Amino acid sequence: MPDIAAVKAALTSQRIETPSWGYANSGTRFKVFAQAGVPRTAQEKIDDAAQVHGFTGIAPKVALHIPWDTVDDYAALAAHAKDRGVELGTVNSNTFQDDDYRLGSLCHPDPGVRRKAVDHLLACVDIMDATGSKDLKVWLADGTNYPGQDDIADRQGRLADALAAVYERLGDDQRLLLEYKLFEPAFYTTDVPDWGTSYVQCLKLGERAQVVVDTGHHAPGTNIEFIVALLLREGRLGGFDFNSRFYADDDLMVGAADPFQLFRILHEVAKNGGFDPATNVAFMLDQCHNIEAKIPAVIRSVMNVQEATAKALLVDREALAAAQRAGDVLTANAVLMDAYNTDVRPLLAEWREERGLAADPVAAYAASGWQERITAERVGGVQAGWGA
């Protein structure tokens, strides 16, 4: 049976990075819904992220998105984060919101546009140097909408050349994390549509190029835990963008749509060494709050990842392996289901109280007065949102 002390120790070492854009205004393709108290600056986003870490105890990093989080002095921004008890994490690039990128960025047929996109990624590495970030995340909206629009194979070659230029610029302790997405906004071909394409491109670059799995970026019915297990086995799982989807890339709170899938993914992470700090898997949230309050929604996602992790750690691996060796299908499945059906909320409440945290972080945040404070203080200026 699993050792509860070992489970608690693993939960204590868990780290989940929160996204700066998760604290900004967001919405659907048709409307961005503004909320009171939303940050206006990168510094205020960090202030909100510090609240999430303060109430959960396991969210000490804030991911940046460039140019949404552009500042004059990135070292000063890192110092601001440190003063708030957190640090700056992954630098996320943006080569999809400029008019020049209508036909793509790194894969664009025009070498001048490709150069512009590469220069942006190189500037992101400069920011990493200033902030101490170790990871550059690249997600591309590149692709085509119509047959014959561009040469599919040539676009892969352009992508490889561009990524190689960026990879060469990385420091020895920095990584390039290549994300993939089934579709959108390209509907006929997407240049990095799946884990295999990302994996092939990363193999060409070197060991410090790794694949990012966004849980919302797959076709319905895709076995994401299989992808996770394979990439961990090959040493190429660089990180996660955790969120939930019902239909496409919904970016809902983690575990909202299919908590059993989240458990299955984290079971493979636990079983295959993904929680080992040496494996260096970056666990990050990527969610955009259409209608719900932002800080409580991020706290809820962190808690949902914790709950799924705790269940994954409770799997009796010895019993599972024995059933698998014996070909006992029903027992093997029952071992997993026993862990999944365990109510781990009392365990997590106990774990939090042992660390001086509130047993219910969402309730504690609501009682803290922070939301009322930022609603009163953050008046005037321009709220952060998509594109800012």
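This structure is a prediction, so every number in the text was calculated from the model and none was measured. (Residues numbered from 1 in each chain as written. Predicted model: local features only at pLDDT ≥ 70, side-chain atom pairs only at ≥ 80, totals over all residues. Heavy atoms only, no water.)

A. Fine view of the packing of aromatic side chains. Enumeration over the complete set of coordinates arrives at 12 aromatic pairs. Taking the centre distance of 6.0 Å and the plane angle of 15 degrees together, the rings of phenylalanine 260 and phenylalanine 263 count as stacked. Residue phenylalanine 260 and its partner phenylalanine 263 are located together in helix H8 (residues 259-271), separated by 3 residues, close to a single helical turn. By relative accessible area, which is 27% here, phenylalanine 260 ends up partly exposed. Here phenylalanine 263 falls in the buried class, since its relative accessible area comes to 1%. Summarising the aromatic geometry, the rings of phenylalanine 263 and tyrosine 340 are spaced 5.3 Å apart at their centres and angled 50 degrees between planes, so their arrangement reads as tilted. Remark: tyrosine 340 occurs in helix H11 (residues 329-340) and phenylalanine 263 occurs in helix H8; sequence separation between them is 77 residues. The structure contains a cluster of three or more aromatic residues connected by ring pairs, namely Phe240, Phe242, Phe275 and Phe283. (Phe/Tyr/Trp six-rings, centres within 6.5 Å; stacked < 30°, edge-to-face > 60°. Helix = DSSP H or I, 4+ residues; strand = E, 2+ residues; numbered from the N terminus. Buried < 20%, exposed > 50% of the residue type's maximum accessible area, 1.4 Å probe, protein only.)

B. Quick look at the pairing of strand S4 (residues 61-65). Within S4, 4 of the 5 residues are buried, leaving the element largely enclosed by the surrounding structure. With 2 bridges joining them, strand S1 (residues 18-19) and S4 adopt parallel strand pairing. Along S4, the bridge assignment pairs threonine 18 with valine 62. Chirality of the crossover, the property in question, places the unit of S4, helix H3 (residues 74-83) and strand S5 (residues 87-92) among those that are right-handed. (Pairing = 2+ DSSP bridges. Right-handed = clockwise from strand over helix to strand, strands pointing away.)

C. A look at the sheet that holds strand S11 (residues 237-242). Strand order in the open sheet formed by 8 strands is S1-S4-S5-S6-S8-S10-S11-S12, and the pairing between neighbours is parallel. One side of each edge strand has no neighbouring strand; the edge strands of this open sheet are S1 and strand S12 (282-285). As defined by bridge partners, S5 adjoins strand S6 (residues 135-138) across 2 bridges and the pair is classed as parallel. Its bridge partner lying in S6, valine 91 is registered against leucine 136. Where helix H5 (residues 152-169) meets the sheet, it contacts S6, strand S8 (175-179) and strand S10 (209-214), and its direction lies at approximately 150 degrees from that of S8. (Contact = heavy atoms within 4.5 Å. Axes fitted to C-alpha atoms, helices over the stretch in contact; angles between N-to-C directions.)

D. Just helix H9 (residues 294-313), in detail. In this model H9 runs 29 Å from its N-terminal to its C-terminal C-alpha over 20 residues, within 8% of the 28 Å that 1.5 Å per residue would give. In terms of residue burial, H9 counts as a mostly covered element, since 17 of its 20 residues are buried. (Expected span 1.5 Å × (residues − 1).)

E. Broad picture of the environment of glutamine 306. By the element assignment, glutamine 306 lies in helix H9. As a C-alpha pair, glutamine 306 and leucine 88 span 218 residues in sequence and 21 Å in three-dimensional space. Those residues in contact with glutamine 306 that sit more than four places away from it in its chain are Leu11, Gln14, Thr56, Ile58, Leu348, Trp351 and Arg352.

F. Focus on the nonpolar core. By size, the foremost hydrophobic cluster in this structure holds 98 residues, and its most contacted members are Leu106, Phe240 and Phe242. Here this core takes 10 residues from H9, the largest share from any one element. Beyond its immediate sequence surroundings of up to four residues, leucine 106 is in contact with Arg114, Ala117, Val118, Leu121, Leu140, Asp142, Arg158, Leu159, Ala162 and Leu163. Judged by nonpolar contacts, the second largest core, of 5 residues, contains Trp21, Ala63, Trp68 and Cys288. (Core = buried A, V, L, I, M, F, W, Y, C linked by side-chain atoms within 4.5 Å.)

G. How the structure looks around a nonpolar patch on the surface. A surface patch of nonpolar side chains, about 280 Å² in accessible area, is lined by Leu182, Phe183 and Phe187. Tracing the backbone through its elements, the reader meets phenylalanine 187 in the loop between S8 and strand S9 (189-190). Exposure remark for phenylalanine 187: the relative accessible area of 56% places this residue in the exposed category. (Patch = residues over 30% accessible without salt bridge, like charges linked within 9 Å, V, L, I, M, F, W, Y side chains within 5 Å. Areas by Shrake-Rupley, 256 points an atom, 1.4 Å probe, with all protein chains shown as cover. Salt bridge = Lys/Arg side-chain N within 4 Å of Asp/Glu carboxyl O.)

H. Local environment of the side chain of glutamine 14. On the secondary structure map, glutamine 14 appears in the loop between helix H1 (4-13) and S1. Residue glutamine 14 is classed as buried on the basis of its relative accessible area of 5%. For glutamine 14, the side chain forms a polar contact with the side chain of threonine 309, separated by 2.8 Å. With residues near it in sequence (within four places) discarded, glutamine 14 still touches Ile58, Phe275, Val305, Gln306 and Thr309. (Polar contact = N/O pair within 3.5 Å; in protein donor to acceptor, adjacent residues only side chain to side chain.)

I. Examining unusual backbone geometry more closely. For the bond from isoleucine 66 to proline 67, the omega torsion is 20 degrees, close enough to zero to count as cis. Looking at the secondary structure, you find proline 67 in the loop between S4 and H3. With an omega of 5 degrees, the peptide bond between glutamate 184 and proline 185 qualifies as cis. Here proline 185 lies in the loop between S8 and S9. Its identity is not glycine, yet glutamate 184 carries a phi of approximately 85 degrees, on the positive side. Along the chain, glutamate 184 turns up in the loop between S8 and S9. Its identity as a non-glycine residue notwithstanding, aspartate 251 has a phi of 55 degrees, on the positive side. Residue aspartate 251 is classed as buried on the basis of its relative accessible area, which comes to 11%.

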